[in-house]
Amino acid sequence: ARAQQPAADAPEYGPARGTLVIVGGGNLTGSGINEKFIELAGGVEKKFVIVPTAGGNRNARGEAIAYDEARIVAPWLKLGLKHVRMLHTHDPKVADTEAFAQILRDADAVWFNGGRQWNIVDSYASTLTSREFHKVLERGGVIGGSSAGATIQGDYLVRGAVSGSDVMMTPEPHHERAFRFLRRTAVDQHITARNRWDDLIPVIKKWPELLGIGLSEATAIIVKGDRFEVMGAWKVAVHDNTRLYQPWEKPYFVLSHGDVYNMKARKVEKYG
């Protein structure tokens, strides 16, 4: 049988179904972003899965880190969720088993906590679990995450180096790829508090086909198909190599709460 061709109007960047909530880190209390994530999933009665793995797989002695599920889900219970579970393993062999991944089969939403994004890659890349993450979206569900949980949603994994989060382009080939919920992008975070506004410039210079998205703290993009809307307290920097910049300008432009951007057309469709 011939491979089915994607529809002409199929999204090139975001998911064909489902929604992404990609957050720049920081304290989200009062931002409304977590509440928006819950709303997009269908409300507090839906099934939520929280992934703390970016927080680390092993300690300094090389011992596997154990996460307390009650502590991980507690902030979400405070927001009213009725069905919320933790998903974590340090072992990709475990992540490739049906017993581990089955929790995702009927999940309505998945949230990736912050930390270092390469830990998420080490645990789940190319496993049954990673495929089930994508199936949550295919069913019309929601994937969200903040800080490292934002970067893991893109395509090229910035700050994927084990040596430190100041290294934008990792020398480790197995830490170069994120999970591609949002394709053809490189997603950075904490750009305001950590003064990372310009850090995507060399990444987009090396891979000009990518769209660079830098997110401030307590600020999110809500992605549906090839469009996203900015939500939150501060700004989103968009590094678009196809755009003409004047010599005195930075090679990116800035969006704010309520702005809507079309990634496929590479244009702002609405200013909030």
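Just above, that's the structure.
Worth saying up front: this structure is predicted, and the values here are computed from it rather than measured. (Residues numbered from 1 in each chain as written. Predicted model: local features only at pLDDT ≥ 70, side-chain atom pairs only at ≥ 80, totals over all residues. Heavy atoms only, no water.)

Draft legend 1. Quick look at the pattern of salt bridges. The final tally for this structure, using the stated rule, is 18 salt bridges. A salt bridge links E63 to R61; the nearest nitrogen and oxygen atoms lie 3.0 Å apart. For R61, a relative accessible area of 66% puts it in the exposed group. Linking R177 and D155 is a salt bridge whose minimum nitrogen-to-oxygen distance equals 3.1 Å. With R177 in the loop between α7 (148-151) and β6 (185-188) and D155 in the loop between α7 and β6, this residue pair connects regions lying 22 residues apart in the sequence. Residue classification places D155 among the buried positions, given a relative accessible area of 7%. Connected through salt bridges with shared partners, the residues E98, R105, E132 and K135 form a single ionic network. (Salt bridge = Lys/Arg side-chain N within 4 Å of Asp/Glu carboxyl O. Buried < 20%, exposed > 50% of the residue type's maximum accessible area, 1.4 Å probe, protein only. Helix = DSSP H or I, 4+ residues; strand = E, 2+ residues; numbered from the N terminus.)

Draft legend 2. Structural view of the packing of aromatic side chains. Counted under the stated rule, the structure contains 15 aromatic pairs. Taken together, a centroid distance of 6.0 Å and an interplanar angle of 75° make the contact between F179 and F181 edge-to-face. By relative accessible area, F181 is classed as buried at 2%. What links up through ring pairs into an aromatic cluster is the set F100, F112, Y124, F133, F179 and F181. A cation sits over an aromatic face here: K235 above W234, 5.3 Å from the ring centre. The aromatic ring of F253 is capped on one face by R243, whose charged end is 4.0 Å from the ring centroid. (Phe/Tyr/Trp six-rings, centres within 6.5 Å; stacked < 30°, edge-to-face > 60°. Lys NZ or Arg CZ within 6 Å of the ring centre and 35° of its normal.)

Draft legend 3. Seen up close, the environment of E229. Mapping E229 onto the fold places it in strand β9 (residues 227-232). Between the alpha carbons of E229 and D106 there is a distance of 27 Å; along the sequence they are 123 residues apart. When residues no more than four places from it in sequence are discounted, the contact partners of E229 are A220, I221, I222, G258, D259 and V260. (Contact = heavy atoms within 4.5 Å.)

Draft legend 4. Seen up close, the sheet that holds strand β11 (residues 253-256). One open sheet holds the 4 strands; their spatial order is β6-β7-β10-β11, and the pairing between them is mixed. Strand pairing shows two members of the sheet lacking a second neighbour, β6 and β11, which therefore form its edges. For this sheet, the mean inter-axis angle between neighbouring strands, taken without regard to orientation, is 20°. (Pairing = 2+ DSSP bridges. Axes fitted to C-alpha atoms, helices over the stretch in contact; angles between N-to-C directions.)

Draft legend 5. Molecular detail of the pairing of β11. Where burial is concerned, the two faces of β11 differ: the one with F253 and L255 is buried and the one with V254 and S256 is not. One ladder, built from 4 bridges, connects strand β10 (residues 235-240) with β11; its direction is antiparallel. Paired with V236 across the strands is L255, a residue of β11.

Draft legend 6. Representation of the environment of T242 within the structure. Structurally, T242 is set in the loop between β10 and β11. Judged by its relative accessible area of 58%, T242 is exposed. When the C-alpha positions of T242 and P208 are compared, they lie 8.3 Å apart, and in sequence the two are 34 residues distant. Side-chain polar atoms of T242 contact the side chain of D240, separated by 2.6 Å. (Polar contact = N/O pair within 3.5 Å; in protein donor to acceptor, adjacent residues only side chain to side chain.)

Draft legend 7. The nonpolar core, seen in detail. Counting residues in each nonpolar core, the largest one holds 45 residues, and the members touching the most others are F133, I221 and F228. F133 has contacts with V51, L87, L104, V110, F112, Y124, I143, F179 and F181, leaving out every residue within four places of it along the chain. V23, F37, V142 and I222 belong to the second-largest nonpolar core, a separate cluster that totals 23 residues. (Core = buried A, V, L, I, M, F, W, Y, C linked by side-chain atoms within 4.5 Å.)

Draft legend 8. Summary view of unusual backbone geometry. Despite not being glycine, S126 shows a phi value in the positive range, around 60°. Assignment of secondary structure puts S126 in the loop between α5 (117-124) and α6 (128-138). One non-glycine residue, R180, lies in positive phi territory at about 60°. Along the chain, R180 turns up in the loop between α7 and β6. Given the relative accessible area of 39%, R180 is considered partly exposed.

Draft legend 9. Structural view of the sheet that holds strand β1 (residues 19-23). Here 9 strands make up an open sheet; going across it, the order is β3-β2-β4-β5-β1-β8-β9-β12-β13 and the pairing mixed. This sheet does not close on itself; its edge strands, each paired only once, are β3 (83-86) and β13 (267-270). In this sheet, neighbouring strand axes are inclined to one another by 20° on average, regardless of whether the strands run parallel or antiparallel. Note that strand β2 (residues 47-51) and β3 share 4 bridges and pair parallel. Looking at β3, one finds that F48 is bridged to V84.

By themselves, these observations are geometric and do not establish any function.
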